[in-house]
Structure formats: C-alpha cells, structure tokens
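What the coordinates show
Listed here are the chains, written in short residue letters.
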Amino acid sequence: LRADLALVGDAGDRDAVAAACPGEVLRFTLRPEPAEEVPTGARVALFSTGHGLPEGIEPAVSSPNLARRRLLATDLDRAVAEGCDVYLTELKAAAIDTVAERAVREGARVIFLRNRPVGVDGDLDRALLGVWADV
C-alpha cells in the first residue's frame, strides 16, 4: 500500500494492483535470452520448462521437458542424434544433474538461459532505475 512501483506479471490483475498501489504500476513479461552469446552456426538444443524461444535462435531440438525427466531423456537423445554442440538451458529442474552432465559427456557447450523481465505497457528499466535513484 506504500509502493512506489508495482510489477504485474502476465497472469496478474493490473487493475486490482493499481487500485491498491499509490505508485506506478507496470505489466511485464518474461523473455528468454541466453546469458552469453551463442556462437554463430552452433547447433542448439534448447531445454526449458516453458514454450518461449529466445529471439534470433532457431534450435535444432527444443524441449519444454526440463521438469519431466523421462521425456527429457528422450529429448537429450535427440540432441545427440542431431549433433547439437550447444545445450541452452534454464537453470532449474534437471538443468545441472541431467542436461549439463549429458552435455559435458557429449562434448557440447552449456549456456544458461535467463528469463529477462520486459515491460509490456511501459519502460521497465526506466521505472526500476527511477526507484533506485530515489533511495
């Protein structure tokens, strides 16, 4: 009830939050992006729990089964069969003990995927810097 800024995700009710928040209210979405540059020409296998694709990346294998180990095992086998040399994965669920370990065994590079919050109805970076500047 005293917030200078309230952020409302895709499933949130912006109007309900705006009624209770005296400050700015911004809707945001999460956009997947690699935490480091993916080499040009890499054969990418993407492992996540969601369905969004990072901008500019067309994976040879895309698996939303990071939290479903039995299905994930099949997708990892597909990545090997497709000759993927980069395994792009969110850092959750079976990312380390399954995906990263398999990538290392296969000689593939592991790059982590982050979900960057992006403003939907305003400039989220500007709003966050504004709150920080007021501190």
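Report on the accompanying structure.

**Some points on the pattern of salt bridges**
Two side chains of opposite charge can pair, provided their charged atoms sit close to one another. Overall, the coordinates contain twelve salt bridges when judged by the stated rule. Each of R14, R27 and D121 takes part in salt bridges that share partners, so that together they form one network.

**Considering unusual backbone geometry**
Backbone geometry at A93 places phi at a positive 50°, although glycine is not the residue there. Within the secondary structure layout, A93 lies in the loop between β5 (86–90) and α3 (95–106). Overall, the relative accessible area of 47% leaves A93 in the partly exposed class.

**Some points on the packing of aromatic side chains**
Scanning the model with the defined rule gives one aromatic pair in all. Pairing F47 with Y87 gives two aromatic rings, centres 5.6 Å apart and planes at 40°, and the pair type is tilted. Separated by 40 residues along the polypeptide, F47 in strand β3 (residues 44–47) and Y87 in strand β5 bring together distant segments of the chain. Residue classification places F47 among the buried positions, given a relative accessible area of 0%. Residue Y87 is classed as buried on the basis of its relative accessible area of 0%.

**Digging into the pairing of strand β6 (residues 109–119)**
As paired elements, strand β2 (residues 24–34) and β6 share seven bridges and run antiparallel to each other. Opposite L30, over in β6, you have P117 as the bridge partner. Two elements, β5 and β6, share five bridges in a ladder whose sense is parallel. Paired with T89 across the strands is F112, a residue of β6.

**Here we look at a nonpolar patch on the surface**
A surface patch of nonpolar side chains, about 270 Å² in accessible area, is lined by L91, I96 and F112. Relative to the helices and strands, F112 is located in strand β6.

**Overview of the environment of A18**
By the secondary structure assignment, A18 is in helix α1 (residues 14–20). Judged by its relative accessible area of 32%, A18 falls in the partly exposed class. C-alpha separation for the pair A18 and L7, spaced eleven residues apart in sequence, amounts to 9.9 Å.

**So, the side chain of E90**
Structurally, E90 can be placed in strand β5. Other than its neighbours up to four places away in sequence, E90 contacts F47, S48, T49, G50, L66, A95, L113 and N115.

**Some points on the side chain of R102**
Within the element layout of this structure, R102 appears in helix α3. For R102, a relative accessible area of 15% translates into the label buried. With sequence-adjacent residues up to four places away left out, R102 is seen in contact with L76, D77, V80 and Y87.

**Focus on the nonpolar core**
One finds A45, F47, L72, Y87 and V99 to be the most contacted residues of the largest nonpolar core, which totals 14 residues. Contributions of two or more residues to this core are made by β3, α2 (69–81) and α3. Not counting the four nearest positions on each side in its chain, F47 is found in contact with S63, L66, L72, D75, L76, A79, Y87, L88, T89, E90 and V99. Listed in part, the eight residues of the second largest apolar core include V38, L88, I111 and L113.

Calculation notes
Counting starts from 1 at the beginning of each chain's written sequence and moves along it residue by residue. At least 70 in pLDDT is required for a residue's local features to be given in this predicted model, at least 80 for side-chain atom pairs to be given and counted, and no such filter applies to totals for whole chains, interfaces and linings, which use all residues. By convention in this description, side-chain values take in all heavy atoms of the structure and omit both hydrogens and water. The term salt bridge refers to a side-chain nitrogen of Lys or Arg lying within 4 Å of a carboxyl oxygen of Asp or Glu. Helical segments are the DSSP runs of H or I of at least four residues, strand segments are the runs of E of at least two, and each set is numbered from the N terminus. Only protein chains enter the accessibility calculation, which uses a 1.4 Å probe; a residue is then buried when its area is under 20% of its type maximum, exposed when over 50%, and partly exposed in between. Centres within 6.5 Å make a pair out of two Phe, Tyr or Trp rings, where for Trp the six-membered ring is used; the pair is then stacked when the planes are under 30 degrees apart, edge-to-face when over 60, and tilted otherwise. Following DSSP output, two strands are said to pair if at least two bridges run between them. Patch membership needs two things, relative accessible area over 30% and no salt bridge, and members are linked within 9 Å if like-charged or within 5 Å if nonpolar (Val, Leu, Ile, Met, Phe, Trp, Tyr). Note that accessible areas follow from Shrake-Rupley with a 1.4 Å probe, and for residues the cover is restricted to the protein chains shown. Pairs of residues are marked as contacts when any of their non-hydrogen atoms sit within 4.5 Å. Put simply, buried Ala, Val, Leu, Ile, Met, Phe, Trp, Tyr and Cys residues joined by side-chain atoms within 4.5 Å make one nonpolar core.

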